[in-house]
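Coordinate inspection notes
What follows is the residue order along each chain.
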Amino acid sequence: MLRLIPILLLAGCALASEPDATELIRRSVANDESRLDSPEARYEFTEHALTRNLDDSGRLRSTSSRTRDIKMADYQTRRDRYRKAVREIPDAFLFRLVGEERIHSRPAWIVEATPRPGYEPVDRNSKLYTKVKARIWIDKAEGRWARIEAELLDTVTFGWILVRIHKGSRVRMTQEPVNGEAWLPRELWYNVSLRIGLLSFRRMEVEAKYGDYRPLDGQPHP
């Protein structure tokens, strides 16, 4: 028994060193807040987006593509439309630390999120949280989201015109550090089926890639 004591102590220390999953999420949400003076706001980048329109069976009907330059400040402004819902994430889910993985060659925690029973959505965007499961990769060094994967567990209906987003719709997002100072988007992918009203049904897969990151003043900031 005496020989087991050092082993038990080491095991206890290892468990204590693991962070609380909910606290990891709270910090990552705070770190993701956009600010006008943040390093991210000083960048622009290029987006290459490919849209595949699918039929009811998932077969390809048509494709379209688009390439455009985006300023990070404008990108953040669009994201801020959903900021209220993003701040709700720590309260909307139950979190569990499920492992570790390297993302962009950097160590990250993997956190699993499932809907919290009894959660009351604060707006139409957070309404989705009651039907979503997700995995979130959080960069260990900087506490930023490196990757998010989410899936809709059941159909969700919005508004008086009855917009329905169907069960099984999925989304994946990644971001990465650039020039050692700014976390910028790398990829956005989603596969979604939705119905608008009684007649209009849409199913699409969209893949957007981001790159060619450029500081607006032409020089990386230290």
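Look up a bit, the structure's there.
Here's what I pulled together on the structure shown here. (Residues numbered from 1 in each chain as written. Predicted model: local features only at pLDDT ≥ 70, side-chain atom pairs only at ≥ 80, totals over all residues. Heavy atoms only, no water.)

Some points on the overall build of the protein chain
A tally of helices and strands in the protein chain yields 5 helices and 11 strands. Counting the 222 residues in the protein chain, one finds 37% classified as buried. Partitioning the intrachain contacts of the protein chain with sequence separation of at least 6 by distance along the chain shows that 56% fall at a separation of at least 24. Taken as a whole, the protein chain presents about 13300 Å² of accessible surface, with 53% of it coming from carbon and sulfur. (Helix = DSSP H or I, 4+ residues; strand = E, 2+ residues; numbered from the N terminus. Buried < 20%, exposed > 50% of the residue type's maximum accessible area, 1.4 Å probe, protein only. Contact = heavy atoms within 4.5 Å. Areas by Shrake-Rupley, 256 points an atom, 1.4 Å probe, with all protein chains shown as cover.)

A closer look at the pairing of strand 11 (residues 200-215)
When strand 1 (residues 43-54) meets strand 11, the two strands line up antiparallel, connected through 11 bridges. Across the sheet, residue Ala49 finds its bridge partner in strand 11, namely Ala208. (Pairing = 2+ DSSP bridges.)

Here's the deal with the pattern of salt bridges
Per the stated rule, a full pass over the model turns up 25 salt bridges. Of the charged contacts in the structure, one is a salt bridge between Glu33 and Arg83, with a shortest N-O distance of 3.8 Å. Of the two residues, Glu33 is situated in the loop between helix 2 (21-31) and strand 1 and Arg83 in helix 4 (residues 83-87); the sequence distance between them amounts to 50 residues. For Glu33, a relative accessible area of 24% corresponds to the partly exposed category. A salt bridge links Glu47 to Arg66; the shortest N-O distance between them is 3.6 Å. Taken together, the residues span a long stretch of sequence, with Glu47 in strand 1 and Arg66 in strand 2 (residues 60-71) at a distance of 19 residues. You can call Arg66 partly exposed: its relative accessible area is 45%. The structure contains a network of salt bridges with shared partners spanning Arg52, Arg172, Glu187, Glu205, Glu207 and Lys209. (Salt bridge = Lys/Arg side-chain N within 4 Å of Asp/Glu carboxyl O.)

Side note on the nonpolar core
A general tendency of soluble globular proteins is for nonpolar side chains to be buried together. If you look at the biggest cluster of nonpolar residues, it comprises 31 residues, and the most contacted ones within it are Ile25, Ile89, Phe93, Phe95 and Trp145. What Phe95 contacts, discounting residues up to four positions off in sequence, is Ala21, Thr22, Ile25, Ile89, Pro90, Val111, Glu112 and Ala113. Listed in part, the 12 residues of the second largest apolar core include Tyr43, Ala182, Ala208 and Tyr210. (Core = buried A, V, L, I, M, F, W, Y, C linked by side-chain atoms within 4.5 Å.)

Any functional reading would require information that these geometric values do not contain.
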